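# Notes for the structure review
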Amino acid sequence: MRICVLAIACAILQFDVAYARKVGLSEAEQFAENGNVDLKALRAERAIADEGRKAKFRDFFPTMSLSYRRNRTLANRDFDSGSHSVQVSMSQPVYDGGRSGLAYEVAEIDVKLAQEKHSEFRNRLRFQIRSAYLAVLREKAAISIARTSLESSKFVFDKAVVERRQGSITELDFREIENEFARRKMDLKQAEDGLRDRQIELATILRWPADEELDIRDLDLFSLRPSDFKSSLEEMLQIALKERPDVRQARIDLMRSRREYLITEHDYLPTVALTGNYGKTGEEWPPRQTEWGVGVSFTFRIAGSTLSNDLRSLHSRNETTSGYSSGAQLNVYDNPGAKASHMRNEVGLMKAREKERQLEEQLRNEVTRLRRSYHDKLELVSITDRALAVKEQRFKIQQIQLRNGSLSVPRYIEEEIKLIEARSALVRERIELILTANQVELSLGLPVDSLALVDLKSIETEDPSAGRRAWLPHTNLNLPSKPGPGPKLEDET
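Now for a quick tour of the structure. Since the model is a prediction, treat every value here as computed from it, not as a measurement.

## Brief notes about the overall build of the chain
- Summing up its helical and strand segments, the chain has 10 helices and 12 strands in all.
- For 493 residues, the compact-globule estimate of 2.2 N^0.38 gives 23 Å, and the chain exceeds it by more than 25% at 39 Å.
- Each of the three principal axes of the chain carries a C-alpha extent, and together these read 140 × 70 × 35 Å.
- The buried share among the 493 residues of the chain stands at 37%.
- A total of about 29300 Å² of accessible surface is found on the chain, and carbon and sulfur atoms cover 54% of it.
- Computed over 77 positive and 77 negative side-chain charges, the inter-centroid distance for the chain is 0 Å.

Okay, here's the thing in structure tokens:
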């Protein structure tokens, strides 16, 4: 019986673990990449662009056609006659002013553009997942802060209940403490609701199964050790010029515009192709008389019209018959938009050149701003850390003052609210530091975590106390035992 109960309990435990499976940051990013519809669409667009490139490559090879024709002549006063003809015709372009080569290069550029869009979107998606993941982590820390403040408020409230019975506290102070205790309960409830909301938002982005609860592995923000840039400003500028998506795309657009311009610029050059045919003719089926021919064709585009002419040499089996044929055809004004297309390509080339120039000029200022913003965020985290350490120590003194009656209840509550806000601010700044580091990488056109400014894998943990450690300061205040000039602040980091 005990064995059965134990087996059932183990099964239920395994079901709960599976139902509330925790995912790490890397696993969440991979899950999102596999299920994101927009990313799948970009993969499809990349495949479509590759098919377009293959289609343009086909233009370098000969075209072939098969034809069959049956002629029948009905005579009123003579015998009827007829013939059958089966032909294979081929045409191999040998010169078109380079237009086919340029069109193929444009198709290759389209493939590169599709790859760039896919890579950029994938990187942005990882950043989006990371932001949602850290939002869940922030709510977990908020719950820890709310629980700690509720415990502190409960201690004061229990003490006030005893003092009320003893008559050593005014009714007004008691009511204020009671209301603050109720508000702390509401803060905890709102933090728990916020956690559920952020988990739902993360699950929605991940397209998480509806029948499975989502939870994340904690990150020990207290153990976060950010690094400084290993590259100089000039090196970062060169990285941005090489890797930034908008700069790369501007260069690709310029290459594409230049080739499209050359295609219409060389539109007047003729297209020359070698032609050939082989077939059989005869009055009976299957036809038995062999015939073949070779030739050359020329196509010119002149003033919106198309002029085509060809010359062919015709032969039969054993050279019993031979001859030649030639002809010309003028399609009058069949391409009226040729000049407008060239003008549009000329304007597009001018804009592409200007866009590339402007981006390169703006890049140095942006890279400088990125370095400055990251260093500013590092300093802000350090300042917020030291400020919280001071408030923590001051609050301990205020707790003693409240007990001995030298501090009023309203002042005590006011100072504790400031302490709670400082704890929340430290969590917020630490998370924003991570996002700022990743934003620097994105702005340089690099994959997330490529600069190794923050190492999130090393701080991933299953420690349940990570939420509380997220708002603990690093700063250690060495307060003097005797009155002196003031406290000395030392930062352990």
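## Some points on the nonpolar core
- Counting residues in each nonpolar core, the largest one holds 75 residues, and the members touching the most others are Leu202, Leu206, Val427, Val440 and Leu444.
- When contributions to this core are tallied by element, the ones reaching two or more residues are helix 2 (25–35), helix 4 (99–166), helix 5 (171–206), helix 6 (233–243), helix 7 (245–265), helix 8 (338–403) and helix 9 (409–443).
- In terms of residues, this core owes the most to one element, helix 4, which gives 15 residues.

## Focus on the packing of helix 2 against helix 4
- Running from N to C, helix 2 and helix 4 point in directions that differ by 130°, and their axes come no closer than 9 Å. Between helix 2 and helix 4, the interaxial angle falls into the category oblique. The handedness of the crossing between helix 2 and helix 4 comes out as right-handed. Residue-level contacts link Leu25, Ala28, Glu29, Ala32 and Glu33 of helix 2 to Arg122, Leu125, Arg126, Ile129, Arg130 and Tyr133 of helix 4.
- For the contact of helix 2 with helix 4, the residue count by class is six nonpolar, no polar and five charged.

## A look at the environment of Leu206
- Mapping Leu206 onto the fold places it in helix 5.
- For Leu206 and Pro245, which are 39 residues apart along the polypeptide, the C-alpha to C-alpha distance reads 25 Å.
- Sequence-distant contacts of Leu206, that is, excluding residues within four places in its chain, are made with Ala28, Phe31, Ala32, Ile129 and Leu214.

## Some details on a positive patch on the surface
- A contiguous patch of positive charge on the surface is contributed by Lys40, Arg43, Arg46 and Arg207.
- With respect to the secondary-structure elements, Lys40 resides in helix 3 (residues 37–57).
- Under the relative-accessibility criterion, Lys40 is labelled partly exposed at 43%.

## Points about helix 8
- Look at helix 8: 91 Å from first C-alpha to last across 66 residues, which is about the 98 Å you get at 1.5 Å a residue.
- Where helix 8 ends, the next residue or the one after it, Gly405, has phi of about 85°, a positive value.

## Quick notes on a nonpolar patch on the surface
- Taken together, the side chains of Phe57, Phe60 and Phe61 present a nonpolar region at the surface, about 280 Å² in accessible area.
- Relative to the assigned elements, Phe61 resides in the loop between helix 3 and strand 2 (63–73).

## Quick word on unusual backbone geometry
- Of note, Arg207 is a non-glycine position whose phi angle comes to about 55°, a positive value.
- Looking at where Arg207 falls in the secondary structure, it is placed in the loop between helix 5 and strand 4 (215–216).
- Even without a glycine there, the phi angle at Asp449 is positive, about 80°.
- Here Asp449 shows up in the loop between helix 9 and strand 10 (460–461).

## Let's talk about the pattern of salt bridges
- All chains considered together, the criterion is met by 42 salt bridges.
- Arg130 is the salt-bridge partner of Asp449, the closest N and O atoms lying 2.7 Å from each other. Residue Asp449 is located in the loop between helix 9 and strand 10, and its partner Arg130 is located in helix 4; the two are separated by 319 residues in the primary sequence.
- You can call Asp449 partly exposed: its relative accessible area is 28%.
- Judged by its relative accessible area of 2%, Arg130 falls in the buried class.
- Close ionic contact of Glu180 with Arg183 constitutes a salt bridge, the shortest N to O distance being 2.6 Å. Placement of the pair is Glu180 and Arg183 together in helix 5, with a separation of three residues, close to one helical turn.
- Under the relative-accessibility criterion, Arg183 is labelled partly exposed at 34%.
- One salt-bridge network, in which partners are shared between bridges, spans Glu180, Arg183, Arg184, Asp187 and Glu416.

The rules behind these values
Residues numbered from 1 in each chain as written. Predicted model: local features only at pLDDT ≥ 70, side-chain atom pairs only at ≥ 80, totals over all residues. Heavy atoms only, no water. Helix = DSSP H or I, 4+ residues; strand = E, 2+ residues; numbered from the N terminus. Rg over C-alpha atoms; globule rule 2.2 N^0.38 Å. Buried < 20%, exposed > 50% of the residue type's maximum accessible area, 1.4 Å probe, protein only. Areas by Shrake-Rupley, 256 points an atom, 1.4 Å probe, with all protein chains shown as cover. Lys, Arg positive; Asp, Glu negative; His and termini not counted. Charge placed at Lys NZ, Arg CZ, Asp CG, Glu CD. Core = buried A, V, L, I, M, F, W, Y, C linked by side-chain atoms within 4.5 Å. Axes fitted to C-alpha atoms, helices over the stretch in contact; angles between N-to-C directions. Parallel < 35°, antiparallel > 145°, perpendicular 65-115°, else oblique. Left-handed = near helix turned anticlockwise from the far one by under 90°. Contact = heavy atoms within 4.5 Å. Nonpolar A, V, L, I, M, F, W, Y, C, P; charged D, E, K, R; others polar. Patch = residues over 30% accessible without salt bridge, like charges linked within 9 Å, V, L, I, M, F, W, Y side chains within 5 Å. Salt bridge = Lys/Arg side-chain N within 4 Å of Asp/Glu carboxyl O. Expected span 1.5 Å × (residues − 1).

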